[in-house]
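# Examination of the molecular architecture
The residues making up each chain are set out below.
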Amino acid sequence: MSNHDEIDSKLSALRATRTPAANEARRNQALDAALRAFDAEQQRATQGNPIINRLRSVFANAKGTFAMDNRLTYGLGTAAIALLLLPLGYQLYTSTAITPVGVPPVTVEHTAEPDTLGGEASKVTTEEKNVEVNGAAAATAPMVEAEIAADEAVVLAPAPVPADASAAKPLSRTLVSPGGAAPQMSAGVQPKMAMESFSAPMTAEPMMALPADPSGNMFSKFTESPVKIVRDEPVSTFSIDVDTAAYSYVRRALTEGWVPEPDAVRIEELINYFSYDYPEAPDAATPFQPTVSVYPTPWNDKTQIVQIGIKGYVPPVSEDKPSNLVFLLDTSGSMDAPDKLSLLKRAFGLLVDQMGENDTVSIVAYAGSAGVVLEPTKGTEKTKILAALDTLAAGGSTAGAAGIELAYQLAEQHKVTGGVNRVILATDGDFNVGIDDPEDLKAYIRQKRDSGVFLSVLGFGSGNLGDDTMQALAQNGNGNASYIDSFKEAQKVLVRDAGGTLETIAKDVKIQVEFNPAVVSEYRLIGYETRALNREDFNNDKVDAGDVGAGTTVTALYEITPVGSGAELNDPLRYGTDAAEPAVEAGSATEFGYLKLRYKAPDSDTSKLIEMPIGKDLAVASLDAAGADQRWAAAVAAFGQKLKGSHYGDMSWADIRKLAQGARGEDEAGYRAEFMGLIDMAAVLRPNVVAASPAEQVEVAPAPVPEVAPSN
Amino acid sequence: MPRSFALMPQFVDDTVVPPPPIADETLIARAIGGDRRAFGQLVERHYDFIFRTACKWCGKVSDAEDVAQDVCVKLASVLKSFDGRSAFTSWLYRVTLNAVRDMQRARTRRGRNVDRYAEVAPDEYLPDQEDSAAAKELWDAVRRLPDQQRDAVLLIYAEGMSHAEAGVIMGSKEATVSWHVHEAKKTLRGLL
């Protein structure tokens, strides 16, 4: 106590301290600076938007002492952020490829303001609010503080000033597109309205994303493949994708009652979740043969869909290939949930049940430190394996990199030739310790892949699912990523599709389609955005691509616009002709295009080529004449497009449901029936938007004079 | 998006806030209305207060001068957010303390924090009354406290405020301020 008093008296000495008198020169300097700032402020007040003049919060740590001050700051801050982000998002929207053709290009021609504002918006910082320690008000909440520097605050909403009059000609004749509302935004439409109409392209801005995803999961961002003009870009190249993680994720989201983020909806993965009845390849020498069908588009009666399907060869059961599996299991603290570690244990139990004499299983756990839980063990010693699985408990943080090294080491030690060597990584996705550079990890996995050990990734749980990391790892490791949200899904991935999951029959499968400009004027690849390849990559065997497992079916859809159908989204050019005239060959008018497919045998480094023309004779006249598999794929595509708020394919949920209903087929395992349920849930969560009447085609010669002149 | 206004905590305690001087209020109102002269007068009147406060918090005259100028410039834009519910000086304390903190943070980011303590430019330090080593030691120790403890100690001991008054400026409850002071004393016991 006396000690305390001593400190107290010492501290009292602080009071006695005199501060020096202010230096006159510095004082005058400060006053001058203040007055200059004041002048600048006044000027801005008269020029700029009066609502959000200058907003420079000095309340780095304000905690509400000055209630009014904060309200002002917050209120203006909110408004300012909204106004900053709208043009920014708009700029993003207009400058990226997702702009649907047919949106008035007028709006693209903004002056440079959005850029300036974009730069400013990045200054919006979040700062941790200090903790009130007395327990009563222990609230830590990030506080957003907007700072607008002196000169940038002047123009807040870009006025729709076209750079030249010719650009002002609105071309829209499509459905009401998000861009349609754009020019009005700056003319004073309520921010909320503007926000809604921008919801789709705005996904790059987490703050603006419409469907609130409560998850905090990470997804790679991508923009939807745009419509391409055949004369400009006749060749489309992509890698196949056998992952199905997106479907399971979407299913979980809808089942739990929220709309998944648009970036989580990868349409090709939704389509490929289902198996299709394509004819099988006759032997292992040619692991698959492509099946191509052409049928009318359900959401647009003027266009057609080209469906390319392949089914991997299924080796006869008698060929019991030896397998060497290393389970790399995440046992970090975050896995301690019924839908994570305990589901994981049961799921791997399923896999162990199928193991035979030729197979070895090892288990590596990774958490704070990586460790071998089970040394390589014969598949017949099931009790031992299951007992090892049972001992796993969650705790510690995730050090994915160290675990992966250990797992590969084990896999290489017990490598089987002519069999399956695979590391199966099960995680909730966050590699947050022990890895400095994700690129290094990817490179490591690539290198191991070349040595013959492949990687599969199984995602569990929700909350910090690092979907993007999972995808990247699996793609680099010649593997596949699946998302396990239930025991049923575990059964599908690890038992029913085990062959496809575990046994690769062809690797680096690439597809290239060249469209015939005499027959097709425009095309659009549905999905596969994250798998696009350069045209020259097709023949380059060094470029990695997706792999096909035994019995796996892969489907890709193109929406094509036949020449002369009048459904083109691009107007013909006013000046000059479109590209060069193609060298028209005899009979070429009978083909839509030409399909090329490259693949490598699992142990080969040289690719083989399969090619076939897509003849007009493949086309069927009506949707009803198309097969059930075709209609099903189209329904799933329409579902995905609608769910993610695509610019293409506006069908009502009822129509999608009807289409899917008529295409369910046998559906032994009930997966298609389950999808019907998802359509119903999506219809409730994301109701049809009542489309306004399509914009009239208006020719406006002079640029519309904006009401609010941009001030500089 | 930030929370709604309804969620903002309100700690305004009218009992501890002395009625604001009329003249300041008038000047503020005029300055907000765009009166340049009123703004000039207001800043001139309070410059010394800002400088003195900054001096105590920074400990270096040159730093204090920088902070004071920053605050003056900032006032041009933030003055309109002053609503007169608390005393202008309390509000000004807050603005100044934040400016001090901003400067120190910026300095930490530049990694110069270390030499702030290591490199001693004697003429820059506050001339203490007795110029005693003990006083200098005391000030150094206080300035090295965590932000909130330092603020609490300086407001209460150097400025002679009550815990409640300090609470208004720090935006904390009185009990929280007392707790900071208590913690500060615990820390200082080892140093003094």
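Residues numbered from 1 in each chain as written. Chains lettered and ligands numbered in written order. Predicted model: local features only at pLDDT ≥ 70, side-chain atom pairs only at ≥ 80, totals over all residues.

## Things to note about the overall build of chain B
Regarding its fold elements, chain B presents nine helices and zero strands. What you see in chain B, going N to C, is helices and strands ordered as α-α-α-α-α-α-α-α-α. Within chain B, buried positions represent 41% of all 192 residues. Excluding contacts between residues fewer than 6 apart, the proportion of contacts in chain B whose partners are at least 24 apart in sequence is 61%. (Helix = DSSP H or I, 4+ residues; strand = E, 2+ residues; numbered from the N terminus. Buried ≥ 20, exposed ≤ 12 C-beta atoms within 10 Å, placed from the backbone. Contact = placed C-beta atoms within 7 Å.)

## A closer look at the sheet that holds strand E5 (residues 291-297) of chain A
All names here are of chain A. Here we have five strands laid out as an open sheet, ordered E3-E14-E16-E6-E5, and antiparallel in their pairing. Of all the strands in the sheet, the pair left with one neighbour each is strand E3 (228-229) and E5. Bridge analysis of E5 against strand E6 (residues 300-311) gives seven bridges, and the strand direction is antiparallel. In the strand pairing of E6, threonine 291 is matched with glycine 309. (Pairing = 2+ DSSP bridges.)

## Some words on the environment of Ile656(A)
All names here are of chain A. Checked against the element boundaries, isoleucine 656 lands in helix H17 (residues 653-661). Each C-alpha atom, one on isoleucine 656 and one on phenylalanine 639, is 6.7 Å from the other, the two residues being 17 residues apart in sequence. Setting aside anything within four residues of it in sequence, one finds isoleucine 656 in contact with Ala635, Ala638, Phe639, Lys642, Met651 and Ile679.

## A few points about helix H7 (residues 147-158) of chain B
All names here are of chain B. Across its twelve residues, H7 extends 15 Å between first and last C-alpha, which sits within 8% of the 16 Å expected from 1.5 Å per residue. For H7, the buried fraction is high: eleven of the twelve residues fall into the buried class. Within H7 the residues assigned to the buried category are Gln148, Gln149, Arg150, Asp151, Ala152, Val153, Leu154, Leu155, Ile156, Tyr157 and Ala158. Residue glycine 160 follows H7 closely and has a positive phi angle near 70 degrees. (Expected span 1.5 Å × (residues − 1).)

## Concerning the packing of helix H8 (residues 163-170) of chain B against helix H9 (residues 174-191) of chain B
All names here are of chain B. Two elements in contact, H8 and H9, have axes separated by 8 Å at closest approach and are oriented at 100 degrees. Classed by the angle they form, the pair H8 and H9 counts as roughly perpendicular. Between H8 and H9, the residues in contact are His163, Ala164, Ala166, Gly167 and Met170 and Glu174, Thr176, Val177 and Ser178, respectively. When the residues that make up the contact of H8 with H9 are grouped by side-chain class, the tally is four nonpolar, four polar and one charged. (Axes fitted to C-alpha atoms, helices over the stretch in contact; angles between N-to-C directions. Parallel < 35°, antiparallel > 145°, perpendicular 65-115°, else oblique. Nonpolar A, V, L, I, M, F, W, Y, C, P; charged D, E, K, R; others polar.)

## Details of H8(B)
Residues and elements named next belong to chain B. With seven of eight residues buried, H8 is to be regarded as a mostly interior element. By the burial criterion, the buried members of H8 are His163, Glu165, Ala166, Gly167, Val168, Ile169 and Met170. Backbone geometry just after H8 places glycine 171 at a positive phi near 75 degrees.

## Details of the environment of Ser451(A)
Residues and elements named next belong to chain A. Inspection of the secondary structure puts serine 451 in the loop between helix H12 (438-450) and strand E11 (454-460). The class for serine 451 is exposed, based on 11 C-beta atoms found within 10 Å. Each C-alpha atom, one on serine 451 and one on aspartate 603, is 9.9 Å from the other, the two residues being 152 residues apart in sequence.

## Comments concerning the pairing of E5(A)
Among the seven residues that make up E5(A), five are buried, leaving the element largely enclosed by the rest of the structure. Once E5(A) ends, the chain turns through two residues before running back antiparallel as E6(A).

## Thoughts on the nonpolar core
Phe327(A), Leu328(A), Ala407(A), Val423(A) and Ala635(A) are the most contacted members of the largest nonpolar core, which has 126 residues in total. Counting residues per element, this core draws most heavily on helix H16 (residues 628-643) of chain A, which supplies nine residues. A domain-level breakdown of this core finds at least three residues from each of domain 2 (228-315 + 506-569 + 586-685) and domain 3 (323-502) of chain A. Of all hydrophobic cores here, the second largest spans 56 residues; its members include Leu27(B), Tyr93(B), Ala166(B) and Val181(B). (Core = buried A, V, L, I, M, F, W, Y, C linked by C-beta atoms within 7 Å. Domains from an automatic or database assignment.)

## Quick word on the packing of H16(A) against H17(A)
All names here are of chain A. At a minimum axis separation of 8 Å, H16 and H17 run at an interaxial angle of 155 degrees. The orientation of H16 relative to H17 falls into the category roughly antiparallel. Seen along the crossing, H16 lies across H17 with a hand that is left-handed. Between H16 and H17, the contacting residues are Arg631, Trp632, Ala634, Ala635, Ala638, Phe639 and Lys642 on the first element and Ile656, Leu659 and Ala660 on the second. For the contact of H16 with H17, the per-class residue count stands at eight nonpolar, no polar and two charged. (Left-handed = near helix turned anticlockwise from the far one by under 90°.)

## Some points on the confidence of the model for chain B
Residues and elements named next belong to chain B. Residues with a pLDDT of 70 or more make up 75% of chain B, whose mean pLDDT is 75. Predicted confidence is poor over residues 1-20, with pLDDT under 50, and the contacts of this stretch with residues over four places away or in other chains come to 42 contacts. Within the model, pLDDT remains below 50 along residues 112-123, and this stretch shows four contacts once partners closer than five positions in the same chain are excluded. Interface scoring of the predicted complex returns ipTM 0.76; its pTM is 0.47. (pLDDT = per-residue confidence, 0-100.)

## Brief notes about unusual backbone geometry
Residue and element names in this part refer to chain A. Residues other than glycine seldom take positive phi values, yet aspartate 508 does so here, at roughly 50 degrees. Inspection of the secondary structure assignment puts aspartate 508 in strand E13 (residues 504-515). Unusually for a residue other than glycine, tyrosine 528 sits at a positive phi of about 60 degrees. Mapped onto the secondary structure, tyrosine 528 falls in the loop between strand E14 (520-526) and strand E15 (546-549). On the neighbour-count criterion, tyrosine 528 (24 C-beta atoms within 10 Å) is buried.

## Notes on the environment of Ser332(A)
All names here are of chain A. Tracing the backbone shows serine 332 in the loop between strand E7 (323-330) and helix H9 (341-353). C-beta crowding within 10 Å serves as the criterion here: with 26 such atoms nearby, serine 332 is assigned to the buried category. Separated by 34 residues in the primary sequence, serine 332 and tyrosine 366 have C-alpha atoms spaced 7.1 Å apart.

## Notes on the confidence of the model for chain A
Predicted confidence across chain A gives a mean pLDDT of 70, with 63% of residues reaching 70 or more. Scored below 50 in pLDDT, residues 691-712 of chain A shows 38 contacts in the model against residues more than four places distant or in partner chains.

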